[in-house]
Amino acid sequence: MKNIHKNTLLIFILTLFSATAAFADDVAKGINCPPGWSDNPVARLDNRVKQCISPSLNSSVQLYIAPGKDIALDQLLDNWISALQQQGFPLQTKVTESKGNVSGAPAVFREYEGKADGKTVESLLAASRHNGINYIFQGSYPDIDREAERLVRHSLTTWNFPEDTAKEDTPYDSPKDKGTPGTFKSIGGCWSWGLWKTPSGASVVILPDGRAIFDGEIIKHWRPNEDNSIVMEIPAKWGGGSAIWAHPDGRHDVIIQVEFPEPRQILLRDSWEYNYKGKAFKGCHH
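One structure accompanies this document, and this report is about it. All of these numbers come straight from a predicted model, not from anything done at the bench.

Structural notes on the state of the cysteines
A covalent bond between the sulfur atoms of two cysteines is what we call a disulfide. With the rule as written, the count across this model stands at one disulfide. Here C33 connects covalently by a disulfide to C52, the sulfurs 2.0 Å from one another. Between C33 and C52, the S-S dihedral sits near -75 degrees, and the bridge is therefore left-handed. Separated by 19 residues along the polypeptide, C33 in the loop between α2 (21–28) and β1 (38–39) and C52 in strand β2 (residues 48–53) bring together distant segments of the chain. Overall, the relative accessible area of 0% leaves C52 in the buried class.

Rendered as structure tokens:
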């Protein structure tokens, strides 16, 4: 019976369309391997886009392409988890479930707990869809390793999809009422809009439509988190990857970068108001 289950999972996983391989490298860049973990490029086979493994080999972060183009995300995640459970993965108890987004795309997030070899394993899973392709995020760690948990959660929180470069320089559609969101789905990040400067004088313009302009020329993108922070793509010369930017409680003149083990102050507000391509916007206060 177990071999039948294995074959079922294999068919489920490999029922993919050939075009997915063309996206694998770009999509893999949207997952940040935790510091010190191994990025295993050999694991990028079939539907697995990325795999990061901890030094102790007992924690991992993985991203998969999943079949079922028109399936609801919660049902997609149900099917995926059912197949994993049949394979003996320790996903016996669902702890939490919530809905959110990845780079503006709808997503379903779940946490599980289970037993493997007499030890408790915790898992974070998420399903999202980007450009018509389904993705499954899968992270796991021992329940006693809180540092591994933080690192896996950071990878999930900063997970992003590559942007359509043809849309990167579309004109900003200024909102009619100052202080209200523009084209970025009317959610989050309001405190961050405007012109910011680093202590050295470098500039970052954060636009309400989900773009950020570094040093007046490099266009990157951000997305909101539910905890009043934003996930920001970082230019290579600023360190690369993605990072969580927030501001200290009660202050709107400083942006901190959430890092391990401690956050650090990186930007000071220069102006609430800014003009981009002749159109003005004004950051709003929370």
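Still more to cover.
A closer look at the environment of P263
Among the structural elements, P263 can be located in the loop between β14 (254–258) and β15 (264–271). Taking the C-alpha atoms as reference points, P263 and P248, separated by 15 residues in sequence, lie 10.0 Å from one another. Sequence-distant contacts of P263, defined by excluding residues within four places in its chain, comprise I256, Q257 and V258.

Digging into the packing of aromatic side chains
For any pair of aromatic rings, the description rests on two quantities: the centre-to-centre distance and the angle between the ring planes. Taken as a whole and assessed by the stated rule, the structure comprises six aromatic pairs. An aromatic cluster is defined as three or more aromatic residues linked by ring pairs; in this entry it consists of Y135, F137, W159 and F161.

Here we look at the environment of S242
If you trace the backbone, S242 turns up in strand β13 (residues 242–246). The spacing of S242 and W159 is 83 residues in sequence and 8.2 Å in space, taken between C-alpha atoms. In contact with S242, other than residues within four places in its own chain, are N32, T158, N160, V231, M232, E233 and I234. There is a polar contact of 3.0 Å between the side chain of S242 and the side chain of N160.

Criteria and thresholds
Residues numbered from 1 in each chain as written. Predicted model: local features only at pLDDT ≥ 70, side-chain atom pairs only at ≥ 80, totals over all residues. Heavy atoms only, no water. Disulfide = S-S within 2.5 Å. Helix = DSSP H or I, 4+ residues; strand = E, 2+ residues; numbered from the N terminus. Buried < 20%, exposed > 50% of the residue type's maximum accessible area, 1.4 Å probe, protein only. Contact = heavy atoms within 4.5 Å. Phe/Tyr/Trp six-rings, centres within 6.5 Å; stacked < 30°, edge-to-face > 60°. Polar contact = N/O pair within 3.5 Å; in protein donor to acceptor, adjacent residues only side chain to side chain.

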